[in-house]
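# Structure at a glance
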Amino acid sequence: MNEVAEATGFAELWSSLADLGRDRTTGGYRRFAWTSADLACRDWFASQAADRGLTVEVDRNGNQWAWWLPDSGASSTDVGTEPRRGNALAIGSHLDSVPDGGAFDGPLGVISSLAAVDLLRARGWQPERPVVIANFADEEGARFGIACAGSRLLTGQLDAAKARSLRDGGGVRLADAMEAAGQDPDALGRDDERLADISEFVELHIEQGRWLIDHDAPVGVASSIWPHGRWRFDFTGEANHAGTTALDDRRDPMLTYANTVLSARKKARLGGTLATFGKVSVEPNGTNAIPSRVRAWLDSRAPDEAALDAVVEQIAAAARERAERDGTALEVVNESRTAIVEFDHGLRDKIRKTLTGVFGPVPQLPTGAGHDAGILAAELPTAMLFVRNPSGLSHTPAEHAETADCLTGVAALAEVVAQLAGVRPGTNRGSGA
Ligand code: GLV
Ligand code: MN
Ligand code: MN
């Protein structure tokens with residue numbers, strides 16, 4: 001892999017992003033959509049692309065695109081010879097993070113894409129059709145609650161008016177956050193023109209589990225994404241004094257919430273699904289006061305749609321029953337839902353064949369994590385490459401992949417780009433503008 005390390009300057013590329021948005025205390029990343037940390041990452045992307053002579057655009061929904069276009073054969077002084085952008089192969093991922101996220105979830109795909117272009121160019125190769133690197137906006141939904149907001153807006157799977165009115169924990173509207181970042185919120189919405197330019201999307205990502213370590217392979221290919229969604233549970237009760245209110249007189253939403261967490265765990269275990277309460281807000285949030293309201297978010301995922309419906313319904317039913325006993329009230333609101341994704345078989349098989357020829361057997365694995373490639377799958381053939389994660393940890397500062405495996409990932413992505421976009425020795429050999 002020395003060729004990859006040298007041709008791409010992978011280590012320098014990696015460290016050039018490493019400090020942006022990192023919390024010094026936890027070591028985790030807080031790159032929330034449209035915050036200064038996110039904007040620093042977006043500037044980093046634009047400048048990396050510009051350093052490579054790639055043309056950067058921001059689409060109507062805030063996604064960034066860096067174009068590597070085939071050599072048109074025209075001289076730079078020719079007028080009206082702008083190369084065509086249609087029929088592009090898109091690669092890339094995202095740069096935003098969950099609270100205290102790891103360094104790899106998202107950035108590994110973006111950095112590997114830049115590095116794959118470097119590697120192919122170092123070989124003196126040119127694409128036959130456009131290759132475009134995407135940095136999708138707001139993939140994690142950590143700030144405004146809807147994951148993959150950039151790709152959902154692009155495809156019309158998230159309504160523009162609904163998106164504009166989403167608020168973060170401090171009450172800031174998504175529309176205002178975008179506007180402050182120089183992005184016109186009135187332009188949000190399905191972008192047919194952009195979608196028409198893209199023929200396939202291949203996203204490289206760190207694996208968020210232990211499948212590849214157990215199968216002794218540095219790189220794998222995704223088969224499917226479990227259906228998943230987010231539900232907000234609003235438990236309301238009565239605020240009162242912690243020192244003077246008898247237990248029998250309380251209407252404590254924290255009690256209902258706590259029992260709901262236990263029920264969620266049990267229902268998920270029995271149904272072979274996943275259910276997580278990872279975010280909670282308490283009002284008024286005083287140590288010596290019974291809360292008036294507990295707002296908690298359920299993230300649930302399952303191998304099929306019926307199992308997902310069933311587990312969420314069971315958890316909501318258990319919460320309602322408990323609320324009745326506690327004298328509290330409950331409202332459940334579905335904030336987002338993503339259907340099962342079966343990645344395009346033709347594209348997946350082509351990629352596996354290409355990689356097997358170079359790297360040996362390449363396992364195929366399902367995942368419970370959501371990705372922009374899953375959202376775009378509704379519009380065009382998409383695929384994913386996963387890079388081995390020795391601990392399986394993700395959405396934590398401890399997330400890690402070995403450099404050797406990352407370099408294998410870059411080499412694998414470069415093979416895929418070469419195969420799909422017809423990258424081969426061109427007229428403009430060695431162009432590394
Ligand atoms: C994205 O990382 C997700 O929540 O699956
Ligand atoms: Mn993630
Ligand atoms: Mn991700």
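Here goes a summary of the coordinates provided. Counting from 1, residues in each chain are numbered in the order their sequence is written. Each chain is given a letter, starting from A, and each ligand a number, starting from 1, according to the order in which they appear as written. Owing to the predicted nature of the model, reporting of local features is limited to residues with pLDDT of at least 70; listing and counting of side-chain atom pairs is limited to 80 or more, with chain, interface and lining totals taken over all residues. The side-chain quantities take in all heavy atoms of the structure and omit both hydrogens and water.

## Description of the coordination of the manganese ion (ligand 3)
Counted as coordinating are nitrogen, oxygen and sulfur atoms within 2.8 Å of the metal, or 3.2 Å for Na, K and Ca, while water is not included, which may make sites look incomplete. Looking at the manganese ion (ligand 3), one finds its protein donor set to be H94 (NE2), D105 (OD) and H205 (NE2), positioned 2.0 to 2.2 Å from the metal centre. Counting residues between consecutive donors of the manganese ion (ligand 3) along the chain gives the motif H-x10-D-x99-H. A gap of 3.7 Å separates the manganese ion (ligand 3) and the manganese ion (ligand 2), which D105 links by coordinating each metal. Here H205 lies in strand 6 (residues 198–206) and D105 lies in the loop between strand 3 (88–94) and helix 4 (107–122), a separation of 100 residues in the sequence. Relative accessible area decides the class of each residue, using a 1.4 Å probe on protein chains only: under 20% of the type maximum gives buried, over 50% gives exposed, and in between gives partly exposed. With relative accessibility at 1%, the residue H205 sits in the buried group. Strands are runs of DSSP state E lasting at least two residues, helices are runs of H or I lasting at least four, and both sets are numbered from the N terminus onward.

## Here's the deal with the coordination of the manganese ion (ligand 2)
At this site the manganese ion (ligand 2) is bound by D105 (OD), E140 (OE), E140 (OE) and H395 (NE2), with donor distances of 2.0 to 2.7 Å. Each donor residue of the manganese ion (ligand 2) lies on one chain, and together they are spaced D-x34-E-x254-H. Overall, the relative accessible area of 6% leaves D105 in the buried class. In this structure H395 comes out as partly exposed when scored by relative accessible area, which is 40%.

## Concerning the state of the cysteines
The term disulfide is used for any two cysteine sulfur atoms that are within 2.5 Å. The final tally for this structure, using the stated rule, is zero disulfides. Unpaired in this structure, C406 has its nearest cysteine sulfur neighbour in C41, at a distance of 17 Å.

## Section: the site of ligand 1
If you check the shell around ligand 1, you find E140, R301, A369, G370 and H395 and nothing else. Polar contacts, as counted here, are pairs of nitrogen or oxygen atoms within 3.5 Å of one another; within protein the pair requires one atom able to donate a hydrogen and one able to accept it, and residues that are adjacent in sequence qualify only if both atoms are side-chain atoms. One nitrogen or oxygen atom from the side chain of R301 is found 2.7 Å from an oxygen atom belonging to ligand 1. Note that an oxygen atom of ligand 1 is positioned 3.1 Å from one of the side-chain N or O atoms of H395. Against a free-state accessible area of 190 Å², the protein chains account for coverage of 93% of ligand 1. In terms of residue class, the shell around ligand 1 is made up of one nonpolar, two polar and two charged. In these notes, residues near a molecule or strand are those with any non-hydrogen atom within 4 Å of it. Residue exposure ignores everything except the shown protein chains as possible cover, and the areas themselves are Shrake-Rupley values with a 1.4 Å probe. Put simply, Ala, Val, Leu, Ile, Met, Phe, Trp, Tyr, Cys and Pro go in the nonpolar bin, Asp, Glu, Lys and Arg in the charged bin, and everything else, Gly too, in the polar bin.

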